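Summary of the model geometry
Spelled out, the chains give:
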Amino acid sequence: MSYVMFSDDCYKFYNDNNIVPSFDDQSHRHLFDFVSMDLHQIEVLLEKFFSEMFDFTRLRLKENRPAKRFNDEYEKAKQSAGILNLTDYYVGNAYLKKIISILESSHPYYRIGENSRKATEDIVIDYFHLFSSYNEDFFEKSDDYIGVFKELLTVPPLLCGYFTSGRTEKLYKKYLDDYNSYRRIIRKNRKYEARCFINIVSFQQMMNELLFRILDTSTPVISRLNIYDRIWFYKRMQSKKTLSDAEIQKLSLASKKNSNLPKGKEFAKELYTFITQFPLHEAFQYDFTPACGITLIIPEDGNDVCEQLGAESLEKLLEWEFMKMVKAGVRIKKCENCGKYFFVRDNKNNYCDREFEEERTCLDVGSDRRFKNQKKDDVYYTAYRKACNKNTARLKSKTKAITEEGSLKNWRKEAKKRLNAVYSGTAEDKERFYDWLDLSNVEINDLC
Ligand SMILES: [Zn+2]
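The structure reproduced in this document is the subject of the present report. Worth saying up front: this structure is predicted, and the values here are computed from it rather than measured.

Bringing the overall build of the protein chain into the picture now. Check the secondary structure of the protein chain and you find 18 helices and 13 strands. By residue count, 22% of the 448 residues in the protein chain fall in the buried class. For the protein chain, the share of sequence-separated contacts (at least 6 apart) that also reach a separation of at least 24 residues comes to 55%.

Set out below in structure tokens:
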């Protein structure tokens, strides 16, 4: 049995009651890498796989599908007298192998035991189930159905023990249970595409939505709300109810605490722009109540109460990890170099510390880039430097257009202050920064 031990800011994953954790995570790195992985390749691979194996119009296995193959070792082993375990010699389907390797590179969970192979089987069955559920006659004959998907999962004939006991029957039952609801949705609304039902792909999209809408500090408008207001707002978007003036006012007041950005009507306008720009897809309904999970235990060698979660799927692990992030008030943003999420410790930093190229992290690359860009593209700084040089020249020139060094010092101090206000976004009006740079000699002399 696999399980996860959560502490306040990290978790450890244990497989089969091992004493040493199989992997751990202190900064949600595995979750962030998982959501940025291109899982859509899986759909392409599935389509290729099924076009070789199954005819969905006639609902039967293709006659010319690739034959099951055994490797060279098998021929040799057959010569010897002992009993053979066929799975040791079986050459798996290349498309399914590729799916397994994609999963294994997406999260360390899939590199443990049989996790990636089981997930791949589920994905194949999901896809098969969806397409075959267009045809009731076929679906309701369970013998045929199980026979076909055993064949699809390329289980060698008459092979016992390849699946854990009763697994095919369990899979069949699961899809039979889901079938009626699937059928209803499909008939009602054809816009639902098969891909919505490839569990791991839709789960990944869901996770991306949650991170973006609840924890991402750079999300327009709503990043100014606290996490719980963002969750409330998410739920309102799901229910598609319009917000009342009082509710907008409440959110606006909450956002005001964090910044001096627009409030009231202006805020409502921004909120509705956000709703139009980022509509919430029906597939991303989420109620923030993960199913049964965490038990509290006191380990034999510990002096603390630990939270233990039975982790029979990656979905369950990540869903709880997300809820723990909500509880801890974690803030995240996307790295400006590699585009992946990272855990924000310092709000000014826009780069993660993943290794980007040989011995250089995104943070290293980012600091170089920031330095260069500052010099090149910073119009405010350029204008400020130019004005400083001009006024210093006036002080030093023979005509002495600026007479007092003290006045110039005061002017420069205020200019610097206004420049910083422009940088921090607290300047009321950027034009007023330029006005200050353009003060006449007489005005500057008056600053003494
Ligand atoms: Zn990065």
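Pairing is antiparallel across the open sheet formed by five strands, whose spatial order is S3-S2-S1-S9-S8. Every interior strand has two partners, whereas the edge strands, strand S3 (23-25) and strand S8 (294-297), have only one. Taking each pair of neighbouring strands and ignoring which way they run, the sheet shows an average axis angle of 25 degrees.

Where strand S1 (residues 3-6) meets strand S2 (residues 11-14), four bridges bridge the pair, whose relative direction is antiparallel. Among the inter-strand pairings, Val4 is bridged to a residue of S2, identified as Phe13. Turn length for the S1-S2 hairpin, with the two strands adjacent in sequence and antiparallel, is four residues. As defined by bridge partners, S1 adjoins strand S9 (residues 306-310) across four bridges and the pair is classed as antiparallel. In the sheet register, Met5 faces S9, and the bridge partner there is Gln308.

With their axes 12 Å apart at the nearest point, helix H9 (residues 199-215) and helix H13 (residues 314-328) run at an angle of 0 degrees to one another. Considered as vectors, H9 and H13 are oriented roughly parallel to each other. Taking contact as the criterion, the partners of Phe203, Met207, Leu210, Ile214 and Leu215 in H9 are, on H13, Glu315, Leu318, Phe322, Met325 and Val326. Of the residues contributing to the contact of H9 with H13, the split by class is nine nonpolar, no polar and one charged.

Glancing now at the pairing of S9. In terms of strand pairing, S8 meets S9 through four bridges, oriented antiparallel. Residue pairing for S9: Ile297 is matched across the bridge by Cys306.

The rules behind the values
Residues numbered from 1 in each chain as written. Predicted model: local features only at pLDDT ≥ 70, side-chain atom pairs only at ≥ 80, totals over all residues. Helix = DSSP H or I, 4+ residues; strand = E, 2+ residues; numbered from the N terminus. Buried ≥ 20, exposed ≤ 12 C-beta atoms within 10 Å, placed from the backbone. Contact = placed C-beta atoms within 7 Å. Pairing = 2+ DSSP bridges. Axes fitted to C-alpha atoms, helices over the stretch in contact; angles between N-to-C directions. Parallel < 35°, antiparallel > 145°, perpendicular 65-115°, else oblique. Nonpolar A, V, L, I, M, F, W, Y, C, P; charged D, E, K, R; others polar.

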